[in-house]
Amino acid sequence: QVQLVESGGGLVQAGGSLRLSCAASGRTFSNYAMGWFRRAPGKERAFVGTISRSGFRSYYGDSVQGRFTISRDNAKNTVYLQMDSLQPEDTAVYYCAASPSASFRVSNEQEYEYWGQGTQVTVSS
């Protein structure tokens, strides 16, 4: 089992930045690719990005490419989502998830075994 706990959500103005953290416990963190997803009001959960087990490679959805950055610290069992140039359409509950995949392009929810409870991000215009 892997337990994931997100933190860092909140309210921010458009154009601002926010950094989310996801702390993992349980099995060996570095054995998992880590992903971020989000669910906007009234919409399905959507892929944000992933980072490889080593942290050397990452992959992003089109809507956040160039604005969001995922990083991880395997010594701290933590993955981060740095969000810059936030827009109202980024308002959502953000989830981190762990996948045993050896790839860094893990955009399918079905490839993730463990999920956090989510943290709310609200961007005001």
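In this report, the structure presented in the accompanying data block is examined. (Residues numbered from 1 in each chain as written. Predicted model: local features only at pLDDT ≥ 70, side-chain atom pairs only at ≥ 80, totals over all residues. Heavy atoms only, no water.)

1. Examining the pairing of strand S7 (residues 68–73)
Okay, step 1: Side chains of S7 alternate between two faces, with Phe68, Ile70 and Arg72 buried and Thr69, Ser71 and Asp73 left unburied.
Okay, step 2: Of the pairings in the sheet, the one linking S7 to strand S8 (residues 78–83) comprises six bridges and is antiparallel in character. Opposite Ile70, over in S8, you have Leu81 as the bridge partner. (Buried < 20%, exposed > 50% of the residue type's maximum accessible area, 1.4 Å probe, protein only. Helix = DSSP H or I, 4+ residues; strand = E, 2+ residues; numbered from the N terminus. Pairing = 2+ DSSP bridges.)

2. Points about the side chain of Arg67
Okay, step 1: Along the chain, the position of Arg67 falls in the loop between strand S6 (58–60) and S7.
Okay, step 2: Among the polar contacts listed, one links the side chain of Arg67 to the side chain of Asp90, at a separation of 2.8 Å.
Okay, step 3: When residues no more than four places from it in sequence are discounted, the contact partners of Arg67 are Gln82, Met83, Asp84, Ser85, Leu86, Gln87 and Asp90. (Polar contact = N/O pair within 3.5 Å; in protein donor to acceptor, adjacent residues only side chain to side chain. Contact = heavy atoms within 4.5 Å.)

3. As for the pattern of salt bridges
Pairing is possible between side chains of opposite charge, provided their charged atoms come close.
Okay, step 1: Counted by the stated rule, this structure contains three salt bridges.
Okay, step 2: A salt bridge links Glu109 to Arg45, with the nearest nitrogen and oxygen atoms 3.1 Å apart. Of this pair, Glu109 sits in the loop between strand S9 (92–99) and strand S10 (114–115) while Arg45 sits in strand S5 (residues 45–51), and the two are 64 residues apart along the sequence.
Okay, step 3: Judged by relative accessible area, Arg45 falls into the partly exposed class, the value being 21%.
Okay, step 4: Taking the shortest distance from any N to any O, the salt bridge between Arg67 and Asp90 comes out at 2.8 Å. Residue Arg67 is located in the loop between S6 and S7, and its partner Asp90 is located in the loop between S8 and S9; the two are separated by 23 residues in the primary sequence. The same class applies to Arg67 and to Asp90, which are both buried.
Okay, step 5: Taken together, the shared-partner salt bridges in this structure form one network comprising Arg38, Arg67 and Asp90. (Salt bridge = Lys/Arg side-chain N within 4 Å of Asp/Glu carboxyl O.)

4. A short note on the state of the cysteines
Okay, step 1: Under the criterion given, the structure shown has one disulfide.
Okay, step 2: Disulfide partner of Cys22: Cys96, at an S-S distance of 1.9 Å. Of note, the bridge from Cys22 to Cys96 carries an S-S torsion of about 50 degrees and is right-handed in sense. Here Cys22, found in strand S3 (residues 18–26), pairs with Cys96, found in strand S9; they are 74 residues apart in sequence, far enough to count as distant. (Disulfide = S-S within 2.5 Å.)

5. Some points on the packing of aromatic side chains
Okay, step 1: Under the counting rule described, the total for this entry stands at six aromatic pairs.
Okay, step 2: Seen from their ring centres, Phe37 and Trp115 are 5.0 Å apart, and the 55 degrees between their planes marks the pair as tilted. Of this pair, Phe37 sits in strand S4 (residues 33–39) while Trp115 is found in strand S10, placing the two residues 78 residues apart along the sequence.
Okay, step 3: Seen from their ring centres, Tyr112 and Trp115 are 5.9 Å apart, and the 55 degrees between their planes marks the pair as tilted.
Okay, step 4: Look at Trp115 and you get partly exposed, because its relative accessible area is 25%.
Okay, step 5: Ring pairs connect the aromatic residues Phe37, Phe47, Tyr59, Tyr112 and Trp115, which therefore count as one cluster.
Okay, step 6: Positioned above the aromatic ring of Tyr95 is the side chain of Arg45, whose terminal nitrogen or guanidinium carbon lies 5.1 Å from the ring centre.
Okay, step 7: The residue whose ring lies beneath Arg72 is Phe29, and the NZ or CZ to ring-centre distance is 4.3 Å. (Phe/Tyr/Trp six-rings, centres within 6.5 Å; stacked < 30°, edge-to-face > 60°. Lys NZ or Arg CZ within 6 Å of the ring centre and 35° of its normal.)

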